Amino acid sequence: MLPQWVIETKRDGKQLAEADIREFIRAYAAGEIPDYQMAALAMAIFFQGMTFEEVTVLTDAMMRSGDLIDTRSLEQPTADKHSTGGIGDKVSLLLAPLVASCGVAVPMLSGRGLGITGGTLDKLEAIPGYCTALSPDSFLEILATCGCAITGQTADLAPADKKLYALRDVTGTVPSIPLISASIMSKKLAEGSANLVLDVKWGKGAFMKTLEDARELARTMVAIGHKMGRGMTALLTDMNQPLGCTAGNSLEIIETVEALQGKGPKDLMEVTMALSAEMLVLAGVAESLETARVQLQSKLDSGEAFERLKAMVTLQGGDIRTLDETSKLPQAGLVEPLDAEANGVVAEVNADLIGRAVLLLGGGRTQVTDTIDPAVGISDLCKIGDTVLLGQPLLNIHANDRSKLDAAKQMAQDAITLSDSSGTAPALIVETIRPENV
Ligand code: URA
């Protein structure tokens, strides 16, 4: 295989041979193909796209570039969930223990936040002591003990993707559906879960800005996973307004605890229940989505799901006193409301701007090396359709710096639009995509 021939083939819009894709990825991961040739191929893929056969081979090659986690020793069936990310998306934190409490093991390898999108690992690290760097053996041990574990990806998991993603980031080749699909799926499939439910978000605060792009990404990933023998479903969900009423790491842990105690906001619960029910059905512990919902609700009502979260946090070294008494989590020094300047109905809560406000406060990163402040963020966020009166708080800002608080307040003000008439939120769950309809 001559790398330049492979690049030329794709540049000219022709299909790549399976052996060439596999060898190109192997050689790139091994350092035998330089970045400039990989970047040229990524750009050719960006413009010419890939057939389904090509993208499946690319995913498989990237998945096999490193370790594969073997979950076959677990007694329970396995299912995982992946979200393409958004503002206030703390679904993983409540879904993993909830689904585990219904008898499905949830092996979850998560990421950190970058830009406006928060990361599950950053949220969990707001809990003092919580370890997000488990070895594969401890990961499996914790899974076997309590049914769920959430940790970071090791360097040995899909290393070809790690290298390629960093290269795409600086060569303008991130927004390519074949490359995004192969990148996400190579990591998720290496995790060893037999079933995978995808939450593909669309809208202002999402990676995919249009519903059409989100649908295409979801369909591609469902088809890849199905072809590789995994149970797959994807939900297309709204990310034009943030999910739930908090954004910021410590604040999202508090909202998770409240949700597991039966006090979760409607939209957060709706998305969590819908994704969890799909996992139970795929894993074979529920016959239908309706019976799955009954099982899930009973685990919430009995407190078992919350106990499961505490068991996982304990096993991963976290201080569960902070979950029993959430005032022990990191707290910001300044908390100030943003008040409504008129009577009205909330017509828009722009997720992108709320994400930027959290970033300004220091709750996210603009570069991978940035450190984040777990205490800062936004709470008590109003939702589209809420009626508000002049002077009533639309949200609370939690900050540790006066000038950052003022800047974030301005940003949050710009995020919220009030109108005279009633506001209607976009549909929260737009569509369900299964292998039979892709
Ligand atoms: N997230 C990933 O893991 N990969 C992409 O290419 C885009 C988002």
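Residues numbered from 1 in each chain as written. Predicted model: local features only at pLDDT ≥ 70, side-chain atom pairs only at ≥ 80, totals over all residues. Heavy atoms only, no water.

Asks: I'd like a rundown of the overall build of the protein, residues and numbers included.
Replies: Helix and strand content of the protein: 17 helices and twelve strands. In terms of overall size, the protein behaves like a compact globule, its C-alpha atoms giving a radius of gyration of 22 Å where 438 residues would be expected to give roughly 22 Å. Relative to its 438 residues, the protein shows a buried fraction of 55%. Sequence-distant contacts in the protein: of pairs separated by 6 or more residues, those separated by 24 or more amount to 79%. Of the roughly 17,400 Å² of accessible surface on the protein, 52% is carried by carbon and sulfur atoms. When the 38 basic and 57 acidic side-chain charges of the protein are each reduced to a single mean position, those positions are 2 Å apart. (Helix = DSSP H or I, 4+ residues; strand = E, 2+ residues; numbered from the N terminus. Rg over C-alpha atoms; globule rule 2.2 N^0.38 Å. Buried < 20%, exposed > 50% of the residue type's maximum accessible area, 1.4 Å probe, protein only. Contact = heavy atoms within 4.5 Å. Areas by Shrake-Rupley, 256 points an atom, 1.4 Å probe, with all protein chains shown as cover. Lys, Arg positive; Asp, Glu negative; His and termini not counted. Charge placed at Lys NZ, Arg CZ, Asp CG, Glu CD.)

Asks: Talk me through the nonpolar core; I want residue IDs and the actual numbers.
Replies: Among the nonpolar cores identified, the biggest contains 139 residues, and Ile354 and Leu395 are the most heavily contacted of them. Considering each element in turn, this core owes the most residues, ten residues, to helix H12 (residues 266–283). Ignoring anything within four residues of it in the chain, the contact list for leucine 395 reads Glu336, Pro337, Leu338, Ile354, Ile378, Ser379, Asp380, Leu381, Ala412 and Ile416. (Core = buried A, V, L, I, M, F, W, Y, C linked by side-chain atoms within 4.5 Å.)

Asks: Explain the site of the ligand residue by residue, including any values.
Replies: Taken together, Tyr165, Arg168, Ile180, Ser183, Ile184, Lys187 and Phe207 are the residues near the ligand. One of the side-chain N or O atoms of arginine 168 is found 2.9 Å from an oxygen atom in the ligand. Note that an oxygen atom of the ligand is positioned 2.5 Å from one of the side-chain N or O atoms of lysine 187. Computed on the free molecule, the ligand has an accessible area of 240 Å², of which 83% lies beneath the protein chains in the complex. Of all the elements in the fold, those that place two or more residues in the shell around the ligand are helix H8 (159–169) and helix H9 (177–190). Among the elements that make up the shell around the ligand, the one with the highest residue count is H9 (four residues). Looking at side-chain class alone, the shell around the ligand contains four nonpolar, one polar and two charged residues. (Near = heavy atom within 4 Å. Polar contact = N/O pair within 3.5 Å; in protein donor to acceptor, adjacent residues only side chain to side chain. Nonpolar A, V, L, I, M, F, W, Y, C, P; charged D, E, K, R; others polar.)

Asks: Give a description of the pattern of salt bridges that names residues and reports values.
Replies: With the rule as written, the count across this model stands at 31 salt bridges. The closest approach of N and O atoms between aspartate 70 and arginine 72, which form a salt bridge, is 2.8 Å. Looking at aspartate 70, the relative accessible area reads 37%, which means it is partly exposed. Exposure remark for arginine 72: the relative accessible area of 71% places this residue in the exposed category. Among the salt bridges present, the one from lysine 90 reaches glutamate 252, with a minimum N-O distance of 3.9 Å. (Salt bridge = Lys/Arg side-chain N within 4 Å of Asp/Glu carboxyl O.)

Asks: How would you sum up the domain arrangement of the protein? Please name residues and give values.
Replies: Entries for the protein in the domain assignment read domain 1 (3–49), domain 2 (80–154 + 165–324 + 430–437) and domain 3 (330–419). When each unit is reduced to the centre of its C-alpha atoms, the spacing between domain 1 and domain 3 is 44 Å. (Domains from an automatic or database assignment.)

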